[in-house]
Amino acid sequence: MDTNRRRGENLESLFLDVLESTGSKVCVLYRKNAMGGYAPVFWLPREQEPAHVASASDLASHLRTMCGQFSEMDLATIKDRHVRCSMESYGVTTIACVPLKGEQLKDRYFLSPGKDCHYLLSERESLVRCAERLSSSLEQATLSARIRSDVLSGDDSLDAHTTLPRRDKSQRHSLLTLAVKGGSFQDLADSAKEVLGIPGCRVTIEDSNGLLLAGDANDVDGTSASHWLSGFPWLPYLDLMEDSRHAVYVPFSSNAFDSGMLVMPLFGQKNLHGLVSVYPISRDDVLAYKGALDELCFAALYLMRRREASRSHILRRSLDSVENERARIAVELHNETSQNLVALKVRLATARHVLAKGLTEDAVGILEDCSRISDEILGGVNRLATDLRPSELAYLGLRQAIEAAAEARLSRKSMSFSVVGNATDVHFSALQESMLLSGVIEALSNCAQHSHASHVEVEMNDDGSWFTVSVRDDGQGFDTGLSEGTGYGLKSMSDCASAIGGYFWVGSTPGVGANVRFSVPTMYLEEDDGE
């Protein structure tokens, strides 16, 4: 681990050289991942978010047009409005794109420093030299990692080790059976630890975004394996895994035979679905338990695909609901709004003829009819607009929309309510806000109709990792065991959370009240940019 710390210090020293020799205000190292996107893996100054300086997608697109050579971007070429505003606040007007080159790197990395004016020739040369030094360091680290991690490469020579030890033969195929019968990711991880039987062994399962689906979030230095491997000392292992699509063995010390972590990717035909990590584990254990480890990966991939299929099904149902709503609105526009408009047109024509004859009093009565018809049209249009998207949600945000929904549903039942929590001003994408609001409205409706509560509390919190909305009441409660899987309302709330990559939980005890919670990883939430 000391070697790794020295690598990090060398990288920071190199970035400081970039800042000092070129007058740059920030320097970011971007890496292309298995999904084809670019993400920042290291930057200085550390307290400044890299997104404040440049959009990785804009930079990557620009870099491709320059055929992998040194190039610059002006502020006006950045598409993202928030990025442009942030760049202006930091005084950055020019972004440089400096690709790293090497046999092992395969154009995967590039440096992105930014400053308040164009780079001079001497500054460009300095950046290129820094890129060459960084390329050389990564090349050597990747070669070293390849030597130390070459455990599961798909080589036929490993076939002799694919049989589980005799004491575990009775448990063969139990992991796949568990997955097929509907076990959860956590059930799979717990069963895998029992099958392996390695003292102190831990198993974590995460999706392609680094969201832990099974295991303790504090197991791997407080982060998921994908984020842990994104630290500079471990990047070569992440590169090897994505390039070969095979598991990598990451040793915890300079002695690769002692103990380490086995990180196994879950690749489909094209995309990375997630990672399974097993640690601490020795190289001998990896070879001896290869059959069980392979089965663990197959079972986890099955659960991943089932999860994605379920989410796709929910989204299709949501789209069907949208189409049904569009059809209803089209009928209402035809039957009511269009007919009222025709009536208005006829009455206005009549008023014109009446006025032409000098019958002023008759014209006044006709114009009053026109005013009444106009009010009906306006009311119908406003009602349709509210059905499509509540005005509070469109203009004020999710919290105010929830407050309006609670007022409308609980006040008429003489129930008091409060909306609390630290998420006071949140704006997400239209689909995410609509799904969250629909789920909360269903929960509030259940409170109003069934809970017999006197007070309902809605709590909205954002802890940086999860955005959570909880609806709690002090009513009569219910038996969650009897209700699970049978209530349409609970299924509807669960679908709303699943459609946007979130989770739904309900807890209740008869006579004590009920609590339903919608939780969405913040990495899945898209902020509404107002454009």
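Refer to the structure printed above.
Residues numbered from 1 in each chain as written. Predicted model: local features only at pLDDT ≥ 70, side-chain atom pairs only at ≥ 80, totals over all residues. Heavy atoms only, no water.

> Hey, could you run me through the side chain of Ser519 in this one?
Relative to the helices and strands, Ser519 resides in strand 15 (residues 513-521). Residue contacts for Ser519: discarding those within four places in its chain leaves Trp466, Phe467, Thr468, Gly502 and Tyr503. (Helix = DSSP H or I, 4+ residues; strand = E, 2+ residues; numbered from the N terminus. Contact = heavy atoms within 4.5 Å.)

> Before we go on, may I ask you to explain the pattern of salt bridges in this structure?
For side chains bearing opposite charge, pairing can occur when the charged atoms are close. Under the criterion given, the structure shown has 15 salt bridges. Here Glu72 makes a salt bridge to Arg124, at a shortest N to O gap of 3.5 Å. Here Glu72 is found in strand 3 (residues 71-74), whereas its partner Arg124 is found in helix 4 (residues 121-149), with 52 residues between them in sequence. Given a relative accessible area of 15%, Glu72 falls into the buried group. With a relative accessible area of 31%, Arg124 lands in the partly exposed category. A salt bridge links Asp239 to Arg108; the shortest N-O distance between them is 3.1 Å. Taken together, the residues span a long stretch of sequence, with Asp239 in helix 8 (residues 235-244) and Arg108 in the loop between strand 4 (94-99) and strand 5 (109-115) at a distance of 131 residues. Residue Arg108 is classed as buried on the basis of its relative accessible area, which comes to 11%. The network of salt bridges with shared partners includes Arg31, Arg108, Asp239, Glu242 and Asp243. (Salt bridge = Lys/Arg side-chain N within 4 Å of Asp/Glu carboxyl O. Buried < 20%, exposed > 50% of the residue type's maximum accessible area, 1.4 Å probe, protein only.)

> Teacher, can you tell me more about the sheet that holds strand 2 (residues 38-44) here?
The strands that make up a sheet pair up through hydrogen bonds in the backbone, lying either parallel or antiparallel. Spatial ordering of the open sheet is given by 2-1-5-4-3, a layout of five strands whose pairing is antiparallel. Both edges of this open sheet fall to strand 2 and strand 3, since each of them pairs with a single strand only. Each strand axis lies, on average, 25 degrees off the axis of its neighbour in the sheet, ignoring direction. In terms of strand pairing, strand 1 (residues 26-32) meets strand 2 through six bridges, oriented antiparallel. Considered in strand 2, the bridge of Arg31 is made with Ala39. Along the sheet face, helix 8 touches strand 1, strand 2 and strand 5 and points at about 30 degrees away from the line of strand 1. (Pairing = 2+ DSSP bridges. Axes fitted to C-alpha atoms, helices over the stretch in contact; angles between N-to-C directions.)

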